[in-house]
Every structure is written in structure tokens, then in C-alpha cells.
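Here's the letter readout for the chains.
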2 protein chains.
Amino acid sequence: MIQNNYLIIMAGGVGSRFWPMSTAETPKQFLDILGLGKTLIQQTIERFDGIVDPKNILVVTSKAYKAIVQEQCPELKEENILLEPCMRNTAPCIAYASYKIAKENPNANIVVAPSDHLITNTNDFQSVVRNGLKFVSENEALLTIGIQPHRPETGYGYIQIEDPKTTEIINPVKAFKEKPNLETAESYIKAGNYFWNSGIFFWSVKSIITAIETHIPEVAEIFQRGNAVYGSSKEQEFIDSEYPGCINISVDYGIMEKANNIFVHSGDFGWSDLGTWGSLWEKRSKDNQGNAVVGDEVKLFDSSNCIVHMPENKKVVIQGLEDYIVVESKGTLLICQKKEEQRIKEFQK
Amino acid sequence: MIQNNYLIIMAGGVGSRFWPMSTAETPKQFLDILGLGKTLIQQTIERFDGIVDPKNILVVTSKAYKAIVQEQCPELKEENILLEPCMRNTAPCIAYASYKIAKENPNANIVVAPSDHLITNTNDFQSVVRNGLKFVSENEALLTIGIQPHRPETGYGYIQIEDPKTTEIINPVKAFKEKPNLETAESYIKAGNYFWNSGIFFWSVKSIITAIETHIPEVAEIFQRGNAVYGSSKEQEFIDSEYPGCINISVDYGIMEKANNIFVHSGDFGWSDLGTWGSLWEKRSKDNQGNAVVGDEVKLFDSSNCIVHMPENKKVVIQGLEDYIVVESKGTLLICQKKEEQRIKEFQK
């Protein structure tokens, strides 16, 4: 059974939100952004230990990141590092990997995971993954993980199910909801039948290819044509030529919101998409004043609720800052109020 | 006449107040702390162009700074770099240089200047210096420069004269005053007969040696004994052996407050002792929001009245800081409220 389990890791993001720590050269998934000793993509792979054989792990990333993936993930087969010549969002990325897997193993069951999220309870996560893979191997279903929401977060999309009183852990999806405003988010929490959309998916390779053919046939057409070259020396040439012609669409818009066999597996395993400095700060260990500090020579005075990330051995004295981000990486220093972090893109110009 | 003019530059300070820019390895006088293209000691020497022949300039500094003085001030004769084996405040420093000058030229007229002050109007300063040297060549007087005060500064000592209505530019000193509190400083400004104590002195070598012999005879005794070795290969050995035996006393306490031939020359030439980040900020050119910035890749957003000093080419984004010091030097970063700068020593521990 385990030999039918496959993992697709999406690692093409260029994440500029954690600038100057993340940059186009080294986006977030390739950083040890929490100071844990492993990069986020390494943690992602490790999380599937015992469930997916490393030879069945595919990473889809940008050509620019091939070397860094090989360096950080030496257990991967080179031909399983799929290189997008350009970014076309998640649907073409998943389609490419799925058609490639289908050629190798038409009985594959696939879990798709982002490369840059945090999960703290690996045991509970693995239970959900085993359940999910089993479910999609037995049902022609597209399954996603919905996280039990702990607060009216406005930074996540939500997944609605019909019955707030359900005792099932897997339920049909009623609707996907965009990132809500605070009032709406609060109503979701109160209603009790909403989950955070984790962006983690399960399906058999047969089910996802059927869905691609049904809902985004123009994408299916491209990757069907590639069938002759997957695994051959001509694969990259084909992708370089055809991939740019794919529409730019997410799997959520392209498939999940259209299909009628969508299910959600509820989960509660300490998940964060680490999408903002604020979410990072929440997940970090903090001192008595609420400061989350990485950097072994950082001294704080009269400061609270700051997130400080400094290079090793850099001497830093910070006095009198409250609710600030102070980050230095690759010779660039950012000092910014936490509440203004959405302007980080503007700051980089 | 010019061949009788001598300059003693006091450059032994270890100034930790501008940490991390100034350090024990490179104190303030050896830094271009204002970003003007020359270090403070280089600016100090330049200020006496045309008044004192470079061969008549003596720098008294710590042994640790000999190389940096030679590098920054190549116009100095090596034997005119006087090396204190330890710090004994300004009276022994001035006594050593004075006895050495007396041996070389008993008709010398001397100006003594700190190495780390700022003067912006060199023309007016030079007029005062020429006047001062002339005055002490004609009178057995100890003359100091008193700066016309522009505000009730509590960071400076004051010099009192008798008559607030005097039209003379040189007046006898009535009293020296310690750094006052704000209320007292305001009363000084209102009274009109107080100057800021600049720490710049003029005297003939005869007058200062008489004063040393009269008021600090134990110091005189030491440097009289050295007369045989000044200018010889045995000078440093003598100083290393005898200098530590000097009492630790300033020229203000040891001589100026005791002697009865003390005069003050009023001056107004854009002077600052650059003793604090706040005084530095005042002297710097500032943007529309009052930020004084050194560093060619520094971007500020929503920030005002900050002093920012960053290495060349370092990319820095600062958002949302008001009245802060942000300085990086030698790999150390300081972020600190301006009003807390007196704690910088504490921060370094």
C-alpha cells in the first residue's frame, strides 16, 4: 500500500512577505524561519516519514530553485524535482505532477502539500494523512484538510460544511469562502461549521486527472500530450515549451469550487501557513515581555511583543520598542511596526 | 611669530557614548562621526591651517592609538605623538606636552584643543585663535574660550564673568560652574554673563609651567625630571615609568579654578562638543521629518527626528520610529530612544 502513496510538494513561491529574510533568491520554504534547525521544506518532507517513500516524493518548484532543493533535500530523486519555467499558480503545477505520477503508477494516491507551512503536532497530522489517503483510495473523492479554527482569523480562506453538529471527521464541502473581514470571520466561528482552508489535498491520481479533464480541459490537453516524454531526457524541453501556455489558475478556483465530489477532513494539529510576521510571532517561543527572538547576541531593554530575527553572533541592542519587527538578513535591515507589515512589499521598492 | 605657535591636541578619550560607532578600539576622535569625509581629529588639525606649523602640533593620546594617529595624521612628526601609558585626565597630559615644548622652544605660545569637537565656522574660530595667541604672548595669562550660549544646555560647564554688559571680547573669569540643572542653566542665560566652557585654552609655555609649578607641584616635579630625556630615545621609557604616578586631575580643577590670572575669550563659531547623540543630531543636516541620516541605502517611512547611521551600501528600511537612534557599526546594531541615550554604557555590558 505504501508504494501507492505519493506526495507532491509545492515549492515555487517567491514569498516576499518575509523580506528581508525571504527574498526571490531564497524564499521562505528554503529558510529555517523559526530557528528550529531545519528549513520549512525539510520539515515538510520529514512530516511524511513512514507514510510516503522518498522515491515517491515530487517537488514542483521554479528552475531557479533546483540547486537549493537538491542541496536541502538530497533524498529526492533528481527526476522528481519538477521545474516550472514560469509561475502558473497551483492548478498547472498539480496537473504536471499528477500526469507524471499517473504514467509511473496509475494506482497512486496523492497528498499535495505546500512547502512553507508549520505543523507542530506531527502525530496527529500523520493520522489525518493516513486517513485521508485511505479515504481517497476507496472513494472517487477530492479531499482537503480543514483546520479547526481557534480565532476569527482574517488571513485564511474558510471551508463550510452543512452540519455544525456533525460527528464525522470527513464531510462533504458545502462552499469555499474567501478571506473574510473580521465581522464575517466572527460569524463563521460562532456558526461552528467552518474550517480554515489548509491548502493540503488528497486524491487518487485517477480522480484528480478526471477532475482536471472535466474542469480545466485546456490544462489536461497540454499534460496529456506530454505523456510520451515524462521520465525521459525530453521532459524538461517539453515543459519549457508548453508550461507557459497554461492558464494561470489555482486548484481551488479551477477544480475545488467546481467539482461535486469535494470533501473536507477536519484536523487540529497546530497548523499555521506562516503567512505573516504576525503568525510567525504567534508560533515562536517568547520571553516574559512577549518578545520572540532569534539571534544569540540580542539584548532587549524596555521592549515587548517584538519579533527579532538577527544573524548568529550579531551584537544587537534594542531599547524601547513595542510591537515591532526587527529583522536582518543578507545584509539588509528592516525595522517595522507589526501592524504595518502588509507594507513590506512597498518598502522593498 | 608663527614659529612660536604650538598646538596640543588631546586625543586620549575612549568615548563610549557613541557606541557602537565609537569603541575602545576606535573612539570618536578617529571617526567621521558626521559623515563629512574627515575624522574629527583630522578636522581639528585642519582648523589650525596657517596658524600653527604642522611640526609644532603635538597630539597626546593613548599608546593604543599611536598607529591610528599616524595613519590619520601623517603630517605629524612621530616624536610629537605623545603616548600616555594610562589615563590621568587633562592636567598631566597638558603638563607632559608643555614641558616637552618648553625644552624645544621656551618662547612658545600654546593653544590646547580637544580632538573630538565640532566647529563649523573656521574663519571666526581662526580669528579667535589668532587673538588668543597674541593675548597670551603679551600677558602672563591663562586664557580659555567661552562660547556664547544659545540655549540653557545642561550638558556643558559654564564660565562666569563679572559684567554682563562688557564690550570686551577678553574678560577676567569670575568663576567656573559645573554642568547645571535646567533651572540654573536658564538663570545663566538670562543673566547674560555666562559662557559655555569649550575646553580650549591658550597660554605661553612660561605661564602654564609657572601655573603647574604653583598649583600642582607634584606633577611639575615629575615632568621637570624628564627634561633630560624629552626628544631622546629614552623619553617613552621615562613616561611609561613616571606617568602612572601622576595624580588624576583635570586642568580645570587643578589649575583654572585656582589661578588668579584666568581670562575668557568669547567666541561664537558653531561649536559643539558632540558629547551626545542628541548634540550630534542637532548638528546634522536633516530631512523634512527631522531625520538625520548617514547611509546611502536607508529608506524611512513614517519616521521623524531620528538619527540613523548605517554603513555605506547597507540596505535599511525603517518604519514607524520617532525620536530614535539607529546605528550600526562594526557589526553591532543599536536601536534606542534618544531620550535614553545616557543608558548606552549600560547597554554595552
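The sections below set out a description of the structure shown in this document. Please read these numbers as outputs of a predicted model, since none were measured by experiment. (Residues numbered from 1 in each chain as written. Chains lettered and ligands numbered in written order. Predicted model: local features only at pLDDT ≥ 70, side-chain atom pairs only at ≥ 80, totals over all residues. Heavy atoms only, no water.)

Now for the pattern of salt bridges. Scanning all chains against the criterion turns up 36 salt bridges over all chains. B:Asp116 is paired through a salt bridge with B:Lys28; the nearest N and O atoms lie 3.3 Å apart. Note that B:Asp116 is positioned in the loop between strand E4 (109–114) and strand E5 (118–119) and B:Lys28 in the loop between strand E1 (5–11) and helix H1 (40–46), a separation of 88 residues in sequence. The same class applies to B:Asp116 and to B:Lys28, which are both buried. Put simply, B:Asp323 and B:Lys338 hold a salt bridge, and the shortest N to O gap is 3.5 Å. Of this pair, B:Asp323 sits in the loop between strand E15 (315–319) and strand E16 (324–329) while B:Lys338 is found in the loop between strand E17 (332–337) and helix H11 (344–347), placing the two residues 15 residues apart along the sequence. If you follow the salt bridges from partner to partner, you end up with A:Asp302, B:Lys339, B:Glu340, B:Arg343 and B:Glu346 in one network. (Salt bridge = Lys/Arg side-chain N within 4 Å of Asp/Glu carboxyl O. Helix = DSSP H or I, 4+ residues; strand = E, 2+ residues; numbered from the N terminus. Buried < 20%, exposed > 50% of the residue type's maximum accessible area, 1.4 Å probe, protein only.)

On to the sheet that holds strand E12 (residues 292–294) of chain B. The six strands lie next to each other as E13(A)-E15(A)-E17(B)-E16(B)-E14(B)-E12(B), forming an open sheet whose pairing is mixed. With partners counted over all chains shown, the strands left at the sheet margins are strand E13 (298–301) of chain A together with E12 of chain B, one partner each. With direction set aside, neighbouring strand axes in the sheet form an average angle of 5°. As paired elements, E12(B) and strand E14 (residues 307–309) of chain B share three bridges and run parallel to each other. Paired with B:Val293 across the strands is B:Val308, a residue of E14(B). (Pairing = 2+ DSSP bridges. Axes fitted to C-alpha atoms, helices over the stretch in contact; angles between N-to-C directions.)

All right, on to the relation of the copies chain A and chain B then. At an RMSD of 0.0 Å, chain A and chain B line up after a rotation of 180° and a shift of 0.0 Å along the axis. Given the turn and translation reported, the copies of this chain are related as if by a two-fold rotation axis. By residue overlap, the copies meet face to face through one surface: 100% of the interface positions of chain A are interface positions in chain B. (Least-squares fit on C-alpha atoms with pLDDT ≥ 70 in both. Contact = heavy atoms within 4.5 Å.)

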